[in-house]
Amino acid sequence: KITTEGYEGFIKLAMWDFGQCDIKRCTGRKMARMGLLRSLKIGRRWGGVILSPLARLPVSKADAEVVMKWGACVVDCSWARINEIPVRSISGKYERLLPFLVAANPVNYGKACKLSCVEALAATLIITGFREEGEQLLSKFKWGDSFLDLNHKLLSAYESCENGKEVVDVQNEYLKQCEDEKLLRATLKQERLTQEMMQMTCQPCDEEEEKPSLNEKPNEKSSEKPSEKSVTTIEKQVSGEEAKELEAEKDLKSDTSDTKRLKDEKKVLEEVVEKETKKLKGKKGKKEAKAGPTSEELTRQSVKKLKTKALKVELKKRGVSIQGSRKQL
């Protein structure tokens, strides 16, 4: 059995270390330092269960006797460089695949099937019927409980399976449920968005319906004909509303004419500003050409070509005294 002091020999655990992982984060090397497993030389055969990504059969309770007699071995490598592994050096009789599980290690947290060495070995022990030993392995790491919490339903379902076929059926059923839930969420989200869009589009229509139109006739609450006074009042209201509409149209026309005039004035001002800027740029260029080369372009030859005035200007820029003869300057 696996105890806190170290590995005693009930279940043999081992690994092939290809040196691809980070030494500080490698769970396989940490277990080797604690004495929970031993590191095998590459090329050495293993008689027990081998957790290989190239296997075809999944781990199940049918492998319990093999695990009890010969133990389990894992391949310690990086998932990014898995294609670099020499397949022939890790071959064995009992090569097995792990079913669908979610990683809880800090490197690949929440990623499917990207388990660390501890997670892989603990999962094989739990699936084959050695739950206590698997939980003891995970207890050596701070995040070990989170792996059990994430995969509680799946591990208990795989543990109840008798052979590899049942394990595959449970895995496929779980994945199908996940896909159905994903589709359901997507449809609900789409329905919610469509409802929100419908509400947004219906709001202005409702406001227009609430406003009384000019051509609508007054509601006839009774079968009696309207009196002459009511007719005259309705005609006055209609005429007043028509006058308001005409005034609004006039205001709109005046606003449009004002905007056009403002745009024309803006264009003229922009043209004038462009012309003035061009003139100023031309004057500046001429002054710079007369003054000579800039402070960045000054060399020994250019200084000799400068006149005394220009030389004094350049010296002033640099904060140097101007007194003295040309040679001194």
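For clarity, every value in this text was computed on a predicted model and none was experimentally measured. (Residues numbered from 1 in each chain as written. Predicted model: local features only at pLDDT ≥ 70, side-chain atom pairs only at ≥ 80, totals over all residues. Heavy atoms only, no water.)

(A) Expanded view of the environment of Met15. The topology assignment puts Met15 in strand S1 (residues 13-17). For the pair Met15 and Ala32, spaced 17 residues apart in sequence, the C-alpha separation works out to 8.9 Å. Filtering out sequence-adjacent residues up to four positions away, Met15 remains in contact with Gly28, Arg29, Ala32, Leu37, Arg38, Ser39, Leu40, Cys73, Val74 and Asp76. (Helix = DSSP H or I, 4+ residues; strand = E, 2+ residues; numbered from the N terminus. Contact = heavy atoms within 4.5 Å.)

(B) Region of the structure containing the packing of helix H3 (residues 117-127) against helix H6 (residues 152-159). The contact between H3 and H6 brings their axes to 8 Å, and the two run at 45°. Judged by the inter-axis angle, H3 sits oblique to H6. Touching Ala123, Ile126 and Ile127 of H3 are Leu155, Tyr158 and Glu159, all from H6. Looking at side-chain class alone, the contact of H3 with H6 contains five nonpolar, no polar and one charged residues. (Axes fitted to C-alpha atoms, helices over the stretch in contact; angles between N-to-C directions. Parallel < 35°, antiparallel > 145°, perpendicular 65-115°, else oblique. Nonpolar A, V, L, I, M, F, W, Y, C, P; charged D, E, K, R; others polar.)

(C) Representation of the packing of aromatic side chains in the model. As enumerated under the stated definition, the model contains two aromatic pairs in all. The interplanar angle of 40° and the centroid separation of 5.9 Å between the aromatic rings of Phe100 and Tyr174 together place this pair among those described as tilted. In this pair, Phe100 sits in the loop between strand S5 (94-96) and H3 while Tyr174 sits in helix H7 (residues 164-210), placing the two residues 74 residues apart along the sequence. Since its relative accessible area comes to 28%, Tyr174 is described here as partly exposed. Ring centres 5.4 Å apart and planes at 40° place the aromatic pair Phe141 and Trp143 in the tilted group. You can call Phe141 buried: its relative accessible area is 8%. Classification of Trp143 by relative accessible area gives buried; the value is 16%. (Phe/Tyr/Trp six-rings, centres within 6.5 Å; stacked < 30°, edge-to-face > 60°. Buried < 20%, exposed > 50% of the residue type's maximum accessible area, 1.4 Å probe, protein only.)

(D) The arrangement of the sheet that holds strand S2 (residues 38-40) in detail. Taken in spatial order, the five strands of this open sheet run S2-S1-S4-S3-S5, and their pairing is parallel. The open sheet has two edge strands, S2 and S5, and neither has a second partner. With strand direction ignored, the average angle separating the axes of adjacent strands in the sheet is 30°. Bridging between S1 and S2 involves three bridges; their strand directions are parallel. For Met15, the partnering residue across the bridge sits in S2 and is Ser39. (Pairing = 2+ DSSP bridges.)

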